[in-house]
Amino acid sequence: MKATFYFLIFFLSVALPKLTAQTKQTYFIDLQITNSANKTVKDAKLQVFSLSKTFVADKHGKIILNIPSGDYIARVSAQNFKSKDIFIGLKKDTLINISLTSIYGGILIEEVQVKGRILDKLNNPVAGLERLDKTTIEKIPALLGEKDPIKALQFLPGVIATSEGSAEINVRGGGNDQNMITLDEIPIYSSTHLFGLFSTFNPLAISSTILYKGDFPSNLGGRLSSVTSLTTTDTLTKTIHGEADLGVATAKASLSVPLPHLKSSFFLAGRRSYYDLLFKTFGKGNTDIFAFQDYNFGWIYQPNTKHKFKLTLYNEQDAAGTTITEAGFLKGSAEKKQSVVALSWKYRLNNQWNNAVNIYSNEYKSSLAEEKRNAVESYLYNFNTAIKDIGVKNTLAYTSTKINSFAGFEAIRHSFMPTKLTGDEQGEYFNFKNIQDGTAIDFSIFAGTLVELGTNSKLSLGLRNNNYFIRQNAYHSLEPRLSFHYSFNNSSSIKISYSKMTQSILRLTNPGLGLPQDIILSANSFNKPQTANHFSLEYVKDFEFDKEKFTFSLQPFYKNTHHIVSFKDGFDTRSLMYGATYKGDSYSDVITTGKGSAYGLEFMLEKRTGKLNGWVNYTYLKALNQFDNLNRGLAFAPLQDRRHSLNFVANWRISKNWNVGFSWMFISGQPVSVPKSIFLPINPDYASGKLQVDNNTPYFLEPGERNNVRMKPFHKLDVTSAYNFKLLGLDATLNLGFYNLYSRSNSSFYYIGKSSSKNTTTLGKPVLKSVSLFPIIPSASLKVKF
Amino acid sequence: MRNIKTKFAPALCLILISLSSCIREEIIPLSRNGQSKIVVIGFLTPAPQIDIYVGRSQPFGKLDYQPIDFTEPNAVVKISNEYGSVKVLNSNSSNPSIYSCSQTDFPIIAGKKYTITVTGDTGTINASTVVPPQVAYWKTAVLSGPQEDLYYTFSGSWEKIAEHNDVDYGVSIKTNGKALDLKTNEGINKVNNLYTVKRDVFLGNSQTIHVTLLTRDPVFSAFSRKTDLTVEVFENLKSSAFSDIISGFKGVIPDAGNISGGIGVFGSYLKDTKILNK
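Basis of the calculations
Residues numbered from 1 in each chain as written. Chains lettered and ligands numbered in written order. Predicted model: local features only at pLDDT ≥ 70, side-chain atom pairs only at ≥ 80, totals over all residues. Helix = DSSP H or I, 4+ residues; strand = E, 2+ residues; numbered from the N terminus. Buried ≥ 20, exposed ≤ 12 C-beta atoms within 10 Å, placed from the backbone. Contact = placed C-beta atoms within 7 Å. Pairing = 2+ DSSP bridges. Core = buried A, V, L, I, M, F, W, Y, C linked by C-beta atoms within 7 Å. Axes fitted to C-alpha atoms, helices over the stretch in contact; angles between N-to-C directions. pLDDT = per-residue confidence, 0-100.

A separate point is the overall build of chain B. Assigned secondary structure in chain B consists of four helices and 17 strands. For chain B, with 278 residues in total, the buried portion stands at 44%. In chain B, once contacts between residues fewer than 6 apart in sequence are set aside, the share between residues at least 24 apart is 66%.

Right, let's talk about the overall build of chain A for a bit. Counting secondary structure elements, chain A contains five helices and 49 strands. Taken across its 786 residues, chain A has 45% of its residues classed as buried. Long-range pairs, those at least 24 residues apart, make up 63% of the contacts in chain A between residues at least 6 apart in sequence.

Residues and elements named next belong to chain A. As defined by bridge partners, strand β17 (residues 241–246) adjoins strand β18 (residues 250–259) across six bridges and the pair is classed as antiparallel. In the sheet register, D245 faces β18, and the bridge partner there is K252. Adjacent in sequence and paired antiparallel, β17 and β18 are bridged by three residues. Sheet analysis places β18 next to strand β19 (residues 264–273), joined by 10 bridges and oriented antiparallel. Directly across from K252, in β19, lies its bridge partner R271.

Core analysis: the biggest nonpolar cluster contains 168 residues, and B:V40, B:I52, B:V54 and B:I116 have the highest contact counts within it. Counting 13 residues, the second-largest nonpolar core is a separate cluster that includes A:I33, A:A44, A:L46 and A:A78.

Glancing now at the sheet that holds strand β14 (residues 188–191) of chain B. Whenever strands of a sheet pair, they do so through backbone hydrogen bonds, lying parallel or antiparallel. Residues and elements named next belong to chain B. Here four strands make up an open sheet; going across it, the order is β10-β11-β15-β14 and the pairing antiparallel. Each having just a single partner strand, β10 (138–147) and β14 make up the two edges of the open sheet. When strand polarity is set aside, the average angle formed by the axes of neighbouring strands in this sheet is 15°. Strand direction decides the pairing type here: β14 and strand β15 (residues 194–201), joined by four bridges, are antiparallel. Bridge pairing in β15 places V191 opposite L194.

Residue and element names in this part refer to chain B. When pLDDT is averaged along chain B, the result is 83; 85% of the residues meet or exceed 70. Taking the mean pLDDT of every element in chain B, the minimum, 42, falls on helix α1 (residues 5–15) and the maximum, 96, on strand β5 (residues 76–81). Here residues 1–20 is modelled with pLDDT under 50, and outside its nearest four sequence neighbours on either side it reaches 51 contacts, counting other chains as well. Under the prediction, the complex receives an ipTM of 0.87, its pTM being 0.81.

Residue and element names in this part refer to chain A. With mixed pairing, the three strands of this open sheet are ordered in space as β4-β1-β7. Of all the strands in the sheet, the pair left with one neighbour each is β4 (62–68) and β7 (94–100). Averaged over all neighbouring strand pairs, the angle between strand axes comes to 25°, with direction disregarded. Here strand β1 (residues 26–35) runs beside β4; their pairing, made up of seven bridges, is antiparallel. Counted as the bridge partner of T26 is P68 from β4.

The next point concerns the environment of B:V40. Residue and element names in this part refer to chain B. By the element assignment, V40 lies in strand β2 (residues 38–44). A residue is classified by how many C-beta atoms lie within 10 Å of it, and V40, with 31 of them, is buried. Between the alpha carbons of V40 and I161 there is a distance of 29 Å; along the sequence they are 121 residues apart. When residues no more than four places from it in sequence are discounted, the contact partners of V40 are I52, Y53, V54, I116, V118, I125, A127, I259, G262, G264 and F266.

A few words now on the confidence of the model for chain A. Residue and element names in this part refer to chain A. Residue-level pLDDT values for chain A average 85, and 90% of them are 70 or greater. Below a pLDDT of 50 lies the segment residues 1–23, which in the model reaches five contacts outside its immediate sequence neighbourhood of four places, other chains included. Confidence drops under a pLDDT of 50 for residues 106–117, and excluding neighbours within four residues, the segment shows 14 contacts in the predicted structure.

All names here are of chain A. You can see A411 is positioned in strand β25 (residues 403–425). With 15 C-beta atoms packed within 10 Å, A411 lands in the partly exposed category. As for A411 and G391, which are separated by 20 residues in sequence, their C-alpha atoms are 5.5 Å apart. Not counting the four nearest positions on each side in its chain, A411 is found in contact with G391, V392 and F443.

Residue and element names in this part refer to chain A. Pairing of β25 with strand β27 (residues 438–453), which is carried by 14 bridges, proceeds in the antiparallel orientation. Bridging across to β27, F409 finds its partner in I445. With 14 bridges connecting them, β27 and strand β28 (residues 457–470) associate as antiparallel partners. In the sheet register, A447 faces β28, and the bridge partner there is L463.

Time to look at the environment of A:R172. Residue and element names in this part refer to chain A. As for its placement among the helices and strands, R172 is situated in the loop between β10 (169–171) and β11 (179–183). Classification of R172 by C-beta neighbours within 10 Å gives buried; the count is 28. The spacing of R172 and R642 is 470 residues in sequence and 9.6 Å in space, taken between C-alpha atoms. Here R172 is in contact with G158, K213, G214, S225, F557, K559, A598, G600 and L621, once residues within four sequence places are set aside.

Before going further, it helps to spend a moment on unusual backbone geometry. All names here are of chain A. Look at N631: it is not a glycine, yet its phi comes out positive at around 55°. Position of N631 relative to the elements: it lies in the loop between β36 (612–627) and β37 (644–653). Residues other than glycine seldom take positive phi values, yet L728 does so here, at roughly 55°. Mapped onto the fold, L728 is located in the loop between β45 (714–727) and β46 (730–739).

See below:
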């Protein structure tokens, strides 16, 4: 009886349909499976229960089957989608469209705007690479609420600000003149506004900021210590959108406009400080100006999937000065201007081969002027420094599953005008150039390849050959770039790299905040191109804790530098202008060359997910420089030798509308030169030849070792809060923040002053004084998106 | 030529008032116990007498300084010339740290080399100078003004002494018996072989100024530039105004001097003085 029952079941379920099928007519079912955005779903499955068969969709999301007429119940499923059961009453050839819904809820949208990118440090083969996206930058508290892509880098391991409030950076013990900063791959010569307080990059215009600290691909070069690559958007927009941001210091806005009929779109961004506008409105008497502004324009044209063109225009300028028109005319001004024009063309030859060419021009000018015209005096002194680049860079890349390679060249024509003093004095015109103008050709060829060696390791090999021609001098360098990446498993990897870098362009700049008078010089027979050798190691570990994702990285590094440049004692940039006690008539008067080294260890722990996310990092650094003409030839710690730095950055998403950001920064004190001893100020009376003690002048100083004292450690806590709300139907964000919340008196600089003493038997006591510029500073800004 | 920073400094101050009003200063304690050294300062020139200062330095960072800390009592100061003549200098009664002798007994002559030997409690130092062989003379010296009813402008020029490249020049302006400014290198510019100087002068009630053109040996010249820079930095920073801070000197003050085993300078100079009236 039992056997009969089992036979019956088998017959009904298996044999009967087959038997009946043999007797029925068959029809086609054309099943198209899509998602809620009407895009095809690959690898979808159709399971027909009564047939005990499963059919798999092709790459177009289509399943075609030919089955007998009849009624069927079937299930359509796909990974990451909710399954759907359907009833099919098949009586003729049938076309069925099925739309699946994502298991993550909501609907799938056709295209997403990427607002945040997590750098996959684990699998990225480049050691010491850091990336900050626009969203991350916006969440980091900032001085005066001015979100800044360069200042945001200062919260990363191995990167510190040159001084408090400065937008200049030191990377792994390198000088601030050793950083290459590029905008859409175009080298930028001045990256700060307002005496260094802000970077020249409008955060609304920058979509991505990438920092290379020690492992440099061979298509990058030209500076010793780092490459910061900032990019504006390079994707076609499909809707008109933009942002406007009104802050304490500046107003800024951006606008993206699609031009679909032209297969293109463009964006505009601008930023302007408005102190000068306030003064024009409310100020009386003298005409003062103190302003900076920058503008970005990008036009993207993509006629098809093979070609993409991008035109980039960038202009930034600073102007500071005053004009007094009482009793004649007196004008003093400091101005700076930088203009960039670039056209890039990306051409996809096929699925493996791509070519990118970028033609650009960059012009940087800076001037410091004083003009006076009245009945008694008439003069104009106008100091100028400038450089103009015209460059072209072409990169051909090959990409496959096992190997990625590229090769190309970069040619730049630099036109230098390092120092020029023009003007007139009492009717006599003058025109001095204590360092002659010049033209240099900077030509590099490069190639690199990334090869997968088995499943766990990748080897990157690169070579850059730089050839620098200035007057009769030619300098050639070969720069190997090697790195090896090994994955221990799915959660940990190690990278090791070596890079050599060469720098032929010098940017003489004063330490700390100062006049915007960076002087751009060329390498020459006196100061040969600087070189650096970088060795980097990086261990990365991804792990989960309490269902949250973390990334831990540890990066030891070492680098040595040769032919690096420093001002001689007594000199700074003013020495190449006028009015300085120590004047320079040539390179050798002002600067001297030497060598340096730096090593350290960087540690970083990132929490990448959750309502509370952020990172903590610590860097140990030791840097030493040695110049034959400085410090009696003994090695000394340069200004950027900041032994310990520690950063906490946290972002807490309290609710859909509230976001709070915290950052705490600690940096060991900067080395400074403090006198060893003092002695009485004795001066000659030139009339009588006698000596006299002048108590009204400062003590004479006996210099000590260079940078022999550390300034007190720097630390601060910044907070920012963002509240999202609707303003006239638009998405708006109100940012409120505090810089240096506990108002620590961090030292901007030290100087030798006198203490006041009421004791007549005691001499006024010479003391070391610290000056702090930035107490607690509140900020507020309102941003509207449309 | 003037220092341009002073002209737009008011604008910076006004605009950055929110920052400058927040500038905070504090004294940084230093725990340093350096040794004091003998200090010798002397500038030889043909004049009625020779003065040499001998004192002591004090470690920077001490809690307090008393005048006596800077003295080097009972020093023995000898000066000699290239012919072997030696003269012992005597401590000055009004200032015991200054040792003097009359040039009637020991004349200073242009172009000659002199050596000083000072023996103190901590040892002996030696230093030498060669007096410039030739003096540069004023080619032009003009006092114009007043400008804006406030100050006068002194303009002068002179030609480089062609045969002597190892000398340098300075200018000192004095009124009412007092130097207007200790900085002797300020406002000097050179075009080919012609030097010019221009300075603003606040005369007050005085009717005349004494302008002295100094022809100095390299040691004195280097020392004077160092002290000029020290004064400039001191003046720039004592107000701690934001504009001064950003436009001030950012480098390292150099060492200068030729006192082996000690500190200071033993140099020499010649001079040409003109008296100018308002």
